[in-house]
Structures are given as C-alpha cells and as structure tokens.
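Listed below are the residues making up each chain.
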Amino acid sequence: MFGRSPSRGNALWTLVVSGLAVFMAALDNLVVITALPAIQESLGTDLQDLEWTVNSYTLAFAVFLMFGAAAGDRFGRRRMFLAGLAVFTAASAACALAGSPGELIAARAVQGFGAAIVMPLTLTLLTEAVSERRRGIALGVWGALSGLAVALGPLVGGAVVEKISWEWIFWINVPIGIVVVLLGLWQLAESKHPGARLDLTGTVLVSLGMLGVVFALVSTTNDGWTSDKVLGSLIAGAVLLVAFVLWEMRTPSPMLPMRLFRNRSFSAVNVTSMLMFAAMFGLVFLLTQFMQNIQGFSPLEAGVRMLAWTAMPVVVAPLASFLTAWIGNRLVVALGLLAEAVALGWLASVSAVDTAYADQVPGLVLGGIGLGLFFAPTAEMAMNVVRPREQGVASGANNTFRELGGVLGVAVLTSVFTSYGGYGTPQRFVDGLVPAAWVGAGFAALGFLTMLGAPRRSQEKRARDAVRGRADREYAGAGHV
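Calculation notes
Residues numbered from 1 in each chain as written. Predicted model: local features only at pLDDT ≥ 70, side-chain atom pairs only at ≥ 80, totals over all residues. Heavy atoms only, no water. Phe/Tyr/Trp six-rings, centres within 6.5 Å; stacked < 30°, edge-to-face > 60°. Helix = DSSP H or I, 4+ residues; strand = E, 2+ residues; numbered from the N terminus. Buried < 20%, exposed > 50% of the residue type's maximum accessible area, 1.4 Å probe, protein only. Lys NZ or Arg CZ within 6 Å of the ring centre and 35° of its normal. Axes fitted to C-alpha atoms, helices over the stretch in contact; angles between N-to-C directions. Parallel < 35°, antiparallel > 145°, perpendicular 65-115°, else oblique. Left-handed = near helix turned anticlockwise from the far one by under 90°. Contact = heavy atoms within 4.5 Å. pLDDT = per-residue confidence, 0-100. Core = buried A, V, L, I, M, F, W, Y, C linked by side-chain atoms within 4.5 Å. Patch = residues over 30% accessible without salt bridge, like charges linked within 9 Å, V, L, I, M, F, W, Y side chains within 5 Å. Areas by Shrake-Rupley, 256 points an atom, 1.4 Å probe, with all protein chains shown as cover. Salt bridge = Lys/Arg side-chain N within 4 Å of Asp/Glu carboxyl O. Polar contact = N/O pair within 3.5 Å; in protein donor to acceptor, adjacent residues only side chain to side chain.

**Looking at the packing of aromatic side chains**
Next, step 1: Applying the stated rule across the entire model yields 11 aromatic pairs.
Next, step 2: Centre to centre, the rings of Tyr57 and Phe61 are 6.0 Å apart; their planes meet at 25°, and the pair counts as stacked. Highlighted residues: Tyr57 and Phe61, both in helix H3 (residues 47-63), separated by 4 residues, approximately one helical turn. The pair Tyr57 / Phe61 is uniform in exposure class, with both members buried.
Next, step 3: Each member of the aromatic cluster is reached from another via a ring pair, and the members are Phe64, Phe67 and Phe113.
Next, step 4: Taking the ring centre of Phe297 as reference, the NZ or CZ of Arg305 above it sits at 4.1 Å.
Next, step 5: The aromatic ring of Tyr357 is capped on one face by Arg305, whose charged end is 5.4 Å from the ring centroid.

Next comes the structure, spelled out in structure tokens:
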C-alpha cells in the first residue's frame, strides 16, 4: 500500500514514526489531568501549582507550534523533528524525577516546547513521504491517532496513576521516544524549504504576551483581580500582543500572516476554536478533580467515566462528515458549539455534593457529541480559505488558537472557581464548580453566536476567492515564482 521512492523514503515507516510521535504528544495534553490529585498529594502542590502543571505544557505547545513548522522548513524537517522528539523525551524523564512543583512545572514547559516542534513536522514529513494517491488514507490514520490520544488521555492517566504511580505517566514516554528517534534516524528522509525564514521577533512577542496574560489569570487565584501584580502582568501581556499583531503586519516573513484574518470565515473558525477549547479544557480540569475528590472515584474510575465525553467524537465523526456535505461546515460547527454550551449548562445544573454519575452522563455525552461535530469541519474551514502553500500556516494558526483556548480556559474557570469556592470542604468545591461550569457554557454559547455570524457557503466562496487573489498578487509582488 505504501512504498518507497528515492525522494520520499519509506512511506509506511514514516506513517509509523509520525503516528507514534503525534499520539505521544497529543496524549500529554490530557493524560496529566487525571493525575492532578495524586500529584497534589505527592508534591504538596496548591491550586495555582496545579494550573501551571497543565498550562506550562499547553502554553509552550501553543506559542511554539508555528515556530516549529518554520524551523523544520529552514533547518530540515527530519533534523528538527528528531531534535524536538529528543527534547520531549528528556523533559518527560525530568517530569518523572521532579521533586517539587517548580521542577515539574519547568519540565512540563520544556516538554511542551519539544511537542510543539514535533507535532507540525509529523504532518509535513508524512505529506512529503506518501504519494498523493495514498495521502488521504495516511492523513486519516494520522488524524485518528491524534483523536484517539485525546479520547484515551484521562483513561491512560487514571490507569497508570492507580496501578503504578503518577511519575509513570511521564516515564512511559521515555522508551517510546527512544524507539521513535531510532526509527526516525533509520527511515525518515530529509527535506526543507530553502527560502524559509524564522520570525524570531514574532515568536518572542507572542510568547511573552501570552505568558503575561496567563500569568495574570493564574495569579488571581491568590492575589485577586485588582492586585498590582495581576493588573501589571495583564497590561504588559496585552501590550506585547498588540505589538505582535503590528509586527506581523509589517514583517516580510510573518509567522501568522494577518491578511488571512480579512476573511470572516477564517477569523470565525479561529475565535470559535479558542472558545470551544477554553470551555472544554477548563471544565475537564475541574471535573476530574470533582470526580476523585468529591464523588470518591479512583483515578482509573474517573478516567473511565470521562470516556462518555472524550471518546464520543470518534463515534460522531462520520455523522459530522455527512452533515457537512448536506448543510455546510458553518452550521455543523455552530451545532457543535450549541451542544457544548447545553452540555456544560447541564453539568452546572446537576452538580452537587451528592451528585450521582448517572445524572452527569447526559451532559458528558452531549459534550462529546459537540466536540465530534466541531473538530473536522473547523479544520476544513481553516484550510479552504488559503492557497495550498499556506495550508500549513492556516493549520498551525488553528491549532495555536485551540491550545491557547485551553490555557485560557483553565486559567479563567479556575479563577472563577476560587472566587466562589475552593478546596476546603465538598460544599466549597461545588460552590466554585457550578459558576465555573456556567462560564464554560457561556464560552461555548459565544462561540455559537460567532459562528452564526460567519459567511454562508456562497458568501464564503466569494470571500475565499478574493483572499486567494490578494495572496497571489502579494506573492508575485514579493518576487516569488
């Protein structure tokens, strides 16, 4: 099915290597969440430390995704993929060896940086290695492995914590990472884009800007919204993000071309991606702790019960494809966001100290259906508006907005949680969980309204043609052929 060509290397082995790498990197997005109560008990972490344990990974992952793709184009995709994988593997070992919250948070940030180099290059290497005729099948397998990792994250985390220890959610990456590096050295072919440039200034501005905003949101847990530290960090982060936008508008080689956002569909899909992931990650962060600390489930039992939410997209994906062909991406994405908003509202309304799991199931299942309706159509919308040579940038932008949404969701919903409740007693936990879940529902509802405002199919086609025409003129004006 997959063969070897002199320029492409072994396509089947490239699929194996990229599949293992993407599964490992995507799994770490959620696997740690089920382990948070065990980490809290072992290292004596507070709520702010738990936030940073999750956010240090996702923040580094988000802000360096597009940098990783550009570095591969510039210095060699195979070389940078293997370097990123080595960083991820070494950082995983450092996470397992961490003896304090600070050490774990720092190692998680380095782990996220390594994952940001690996993740986009898995797709590029696979596209280069597989013939165009077989590419759809290969990319389908790649996407399925990424989705499976998201679905299994809480379950794997719970099983490992309960049967071994929390350190092993990180140790397990080490032998897999070594095997993938060796396979990559043996089978992957090198490729690069000779004219590619790195936008180092843009990377620094967006990284520091997002760090300032997230640091401010996480600091509200202990310092409140009106403290000098929170306000100063929030203002500094916002200023740096504005500077990033201005820089991207004037630099000849932007990491995120701002002209793409002239298209309303592209803007809407990225805003809604951020809102959806803010709602999902923020509530999963609190809900897994609720299941273990309040409902008394073990880590494995909590992971199994979360499958009602995280595994549902695998079942719903075929339905999403059918609906997209019938009513278009815009309405399918809007339905997914509406389902997510209703699901989180349901979970908020039934949450109590004595809530039975059966009462949560409708909300969990509906939330999973919402995610299943959301994933594929948003990716297609992001791709449709750009020229083929810019699809990597568009995909990177969409993934970045998703990851940043996850970071902001954990920070904002936890801030709401601590404003109204806390860890003191079961009732205090519920007092914080309920308004946080309603805020998550509000994020999803805002995404629903945003997507309804996106162009219809006929309008979207005209806008897409206009953006592509401008891109062709700018590309030709820059002297490209």
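That shown, we press on.
**As for the side chain of Arg330**
Next, step 1: Within the fold, Arg330 resides in helix H15 (residues 329-350).
Next, step 2: Given a relative accessible area of 11%, Arg330 falls into the buried group.

**Quick look at the packing of helix H12 (residues 264-294) against H15**
Next, step 1: Closest axis-to-axis distance for the H12/H15 pair is 11 Å, and the angle between their directions is 25°. It follows that H12 is roughly parallel to H15 by the angle criterion. Where H12 crosses over H15, the handedness of that crossing is left-handed. Within the contact between the two elements, H12 uses Thr272, Met276, Ala279, Leu283 and Leu287 and H15 uses Gly336, Leu337, Glu340, Leu344 and Leu347.

**Looking at the confidence of the model for the protein**
Next, step 1: Confidence along the protein averages 81 in pLDDT terms, with 86% of residues attaining 70 or more.
Next, step 2: The secondary-structure element of the protein with the lowest mean pLDDT is strand S1 (residues 4-5), recorded at 43, while helix H18 (residues 426-452) shows the highest, at 93.
Next, step 3: Within the model, pLDDT remains below 50 along residues 1-9, and this stretch shows 24 contacts once partners closer than five positions in the same chain are excluded.
Next, step 4: Low confidence marks residues 471-481, where pLDDT is under 50. Its contacts with residues over four positions away, or in another chain, come to 11 contacts.

**Structural notes on the environment of Asn10**
Next, step 1: On the secondary structure map, Asn10 appears in strand S2 (residues 9-10).
Next, step 2: With 178 residues separating them along the chain, Asn10 and Leu188 place their C-alpha atoms 7.2 Å apart.

**Comments concerning the nonpolar core**
Next, step 1: Formed by 100 residues in total, the largest nonpolar core has its most connected members in Phe81 and Trp309.
Next, step 2: The dominant element in this core, judged by the number of residues it contributes, is H12, at 17 residues.
Next, step 3: Leave out the neighbours within four places in its chain, and Trp309 touches Met280, Leu283, Val284, Leu287, Glu340, Leu344, Leu347, Leu364, Gly367, Gly368 and Leu371.
Next, step 4: Ile105, Val214, Leu260 and Leu404 belong to the second largest nonpolar core, which has 26 residues in total.

**Side note on a nonpolar patch on the surface**
Next, step 1: On the surface, a nonpolar cluster with roughly 350 Å² of combined accessible area is contributed by Leu12, Val16, Leu20, Ile172 and Ile176.
Next, step 2: Examining the composition of the nonpolar patch, we find that 3 residues originate from one element, helix H1 (residues 11-34), more than from any other.
Next, step 3: Exposure remark for Ile172: the relative accessible area of 37% places this residue in the partly exposed category.

**Notes on the side chain of Gln295**
Next, step 1: Inspection of the secondary structure puts Gln295 in the loop between H12 and helix H13 (299-310).
Next, step 2: Within the structure, Gln295 has its side chain in polar contact with the backbone oxygen of Thr355 (distance 3.1 Å).
Next, step 3: Separated by 3.1 Å, the side chains of Gln295 and Gln360 make a polar contact.
Next, step 4: Not counting chain neighbours up to four residues away, the residues in contact with Gln295 comprise Phe290, Thr355, Ala356, Tyr357 and Gln360.

**Details of the environment of Ser349**
Next, step 1: Among the secondary structure elements, Ser349 is positioned in helix H15.
Next, step 2: You can call Ser349 partly exposed: its relative accessible area is 49%.
Next, step 3: Distance from Ser349 to Gly363, taken between C-alpha atoms, is 9.9 Å for residues 14 residues apart in sequence.
Next, step 4: Here Trp346 takes part through its backbone oxygen, which lies 2.7 Å from a polar atom of the side chain of Ser349.

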